[in-house]
Amino acid sequence: MASITEKLKDYMEIGTQRKLLFAGFYFITGLLIYTNLYTLVGLVVVVIAVWYLHDYIDNLTATTIDPYGKFVFITGCDSGFGLDSAKAIRDMGFHVIAGCYDDNSSGAKELRDRPWVKKVEVVSLDVTSEASVQAAVAEVKEICSDQGLWAVINNAGHNNQGPTELIPMTSYHRTSEVNLFGPLRVIKYCLPLIRHAQGRIVNVTSERVYNHWPYSTPYCLTKAGLQAFSNCLRREMVEHNVKVITVAPGEFAPATAICNPKLTEVMRESIMSEHAKLSLEDQQKAYPLERVSEIYQSLEPEAKAKNGARTSEPVVQAYLDAICRVDPKQCYMVHGTSRLYLDSLIIMARLRPFLPACIEDTVEKIVLRIL
């Protein structure tokens, strides 16, 4: 009994010492910040100004390639970024091959109906199917002939959200098949064509590679996996003069079909189906219906549309820059609000690598509240 009491006493003493040490650390840090506040603010302003000035000069002086005779293959062209980029890239003078999941979608029909001088080749493509990818790439090879493929843009994506415990494994598999294994399939079969042209690969990731938001595990893990794959592949392809680029859009839900009402309803139904499988105690305490309803409402398109960009133009411009520049950036983080450079999601994605873990959540709350 005495030994237990002594251990508790030692533990309390260690706890008290820990509190005192941290209190002293925060006091000294606060004092230093207070006494040098104007210097620190000035330094932050200078760093930000230099950062953006560098980007501005870099963009202003960039050299571009001649698009004549170059072929670009884009996945997920039924709507959103894919559809808009297919039209814009074709108008720039590239030959565009658009992969569409549904041959009869409005996007596929719109691309087919373009005038001959702005013609876009449309191929059927389901990135989750090995056979479909092989067949599509065979068509791409026939269209490109001996020119090779200048660029592939892995734009196709699938969103899935909800409490981890209430997302069925089939949803994780589906999201992985589209967001991670889909680009992998397309790249593996397109690589010989890209190597021949010494072209480039553009993989569309997300700000959620860096911002790991709650109720977003399927999307975050698949996009983070795609980012890791891109980083590895970029280093492998150096010897082949092939560039690998990622584009990470911010909040663009209103400009795409990735958070449409139909998909949100499917997510809600799957969440409620898993909820019904919980024990009665978990249904009442861990996941009461009121809380599940709140989470579901936060995932609805209307909630996502409040601050998001309503045009895909910034992302399309990033695609164009990635395939047109002689020396493209390794990663394009694209602000997704109408306020240039003020997408809170992209700002947090840029800040996180420099933040200590102990203040990361606090800084996140401040940035999201202000912006």
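None of these values were measured; they are calculated from a predicted model. (Residues numbered from 1 in each chain as written. Predicted model: local features only at pLDDT ≥ 70, side-chain atom pairs only at ≥ 80, totals over all residues. Heavy atoms only, no water.)

## Observations regarding helix α7 (residues 217-236)
Test applied: Secondary structure elements are defined from DSSP: runs of H or I of at least 4 residues count as helices, runs of E of at least 2 residues count as strands, and each element is numbered from the N terminus. Given the number of residues in a helix, its expected span is that number minus one, multiplied by 1.5 Å. Any residue under 20% of the maximum accessible area for its type is buried, any over 50% is exposed, and the rest in between are partly exposed; the area is computed with a 1.4 Å probe on protein chains only. Any pair of residues with heavy atoms lying within 4.5 Å of one another is described as a contacting pair.
With 20 residues, α7 extends 29 Å from end C-alpha to end C-alpha; this agrees with the ideal 28 Å at 1.5 Å per step. Taken together, the buried positions of α7 are occupied by Pro 218, Tyr 219, Cys 220, Thr 222, Lys 223, Leu 226, Gln 227, Ser 230 and Leu 233. The secondary structure elements touched by the buried residues of α7 are α6 (169-197), β5 (200-204) and β6 (243-249).

## Quick notes on the sheet that holds strand β4 (residues 151-154)
Sheets are built from strands that pair by backbone hydrogen bonding, the pairs being arranged parallel or antiparallel. For clarity, the cut-off: Strands were regarded as paired on the criterion that DSSP finds at least two bridges between them. In this analysis an axis means a line fitted to C-alpha atoms, helices contributing only their contacting stretch, and an angle means the value between N-to-C directions, from 0 to 180 degrees.
Read across the sheet, 7 strands follow the order β3-β2-β1-β4-β5-β6-β7 without closing on themselves; strand pairing throughout is parallel. Each having just a single partner strand, β3 (121-124) and β7 (331-334) make up the two edges of the open sheet. Taken pair by pair, the neighbouring strands of this sheet meet at an average axis angle of 15°, ignoring direction. Taken together, the 4 bridges between strand β1 (residues 71-74) and strand β2 (residues 95-100) define a ladder with parallel strand orientation. Looking across to β2, one finds that Ile 74 is bridged to Ala 98.

## Concerning the pairing of β5
Put simply, side chains in a regular strand alternate between the two faces of the sheet. Burial runs high along β5: 5 of the 5 residues are buried. By the alternation rule, side chains of β5 split into Arg 200, Val 202 and Val 204 and Ile 201 and Asn 203, which are all buried. In the sheet, β4 pairs with β5 via 4 bridges, with the strands oriented parallel. Residue Ala 151 lies in a different strand from β5, and its bridge partner there is Arg 200.

## Some remarks on α6
The following threshold applies: Two axes define the bend at a residue: one fitted to the seven residues ending there, one fitted to the seven starting there, and the bend is the angle between them.
The terminal C-alpha atoms of α6, which comprises 29 residues, lie 40 Å apart, in line with the 42 Å expected from a rise of 1.5 Å per residue. Along α6, the helix axis deviates most sharply at Cys 190, where the bend reaches about 55°; the proline Pro 192 sits within four residues downstream.

## Structural notes on the pairing of β1
Residues Phe 71 and Phe 73 of β1 are buried on one face, and the alternating residues Val 72 and Ile 74, pointing to the opposite face, are buried as well. Looking at chain direction, β1 and β4 are connected through 3 bridges and run parallel. Bridge pairing in β4 links Val 72 to Ala 151.

## A look at the packing of aromatic side chains
The condition is simple: For Phe, Tyr and Trp, rings pair up if their centres lie within 6.5 Å, where Trp contributes its six-membered ring, and each pair is then called stacked (planes under 30 degrees apart), edge-to-face (over 60) or tilted (otherwise).
A full pass over the atoms with the stated rule returns 2 aromatic pairs. Measuring from ring centre to ring centre gives 5.7 Å for Phe 81 and Phe 252, while their planes differ by 80°; the resulting arrangement is edge-to-face. Placement of Phe 81 in helix α3 (residues 80-91) and of Phe 252 in the loop between β6 and α8 (261-276) is noted, with a sequence separation of 171 residues between them. This pair shows no difference in class: Phe 81 is buried, exactly as Phe 252 is.

## Here we look at the side chain of Ser 85
Rules: Counted as a polar contact is a pair of N or O atoms within 3.5 Å, where, for protein atoms, one must be capable of donating a hydrogen and the other of accepting one, and residues adjacent in sequence contribute only when both atoms are in side chains.
As for its placement among the helices and strands, Ser 85 is situated in helix α3. Assessed through its relative accessible area of 0%, Ser 85 is described here as buried. From its side chain, Ser 85 meets the backbone oxygen of Phe 81 in a polar contact 2.8 Å long. The contacts of Ser 85, once residues within four sequence positions are left out, are Ile 74, Val 316 and Tyr 319.

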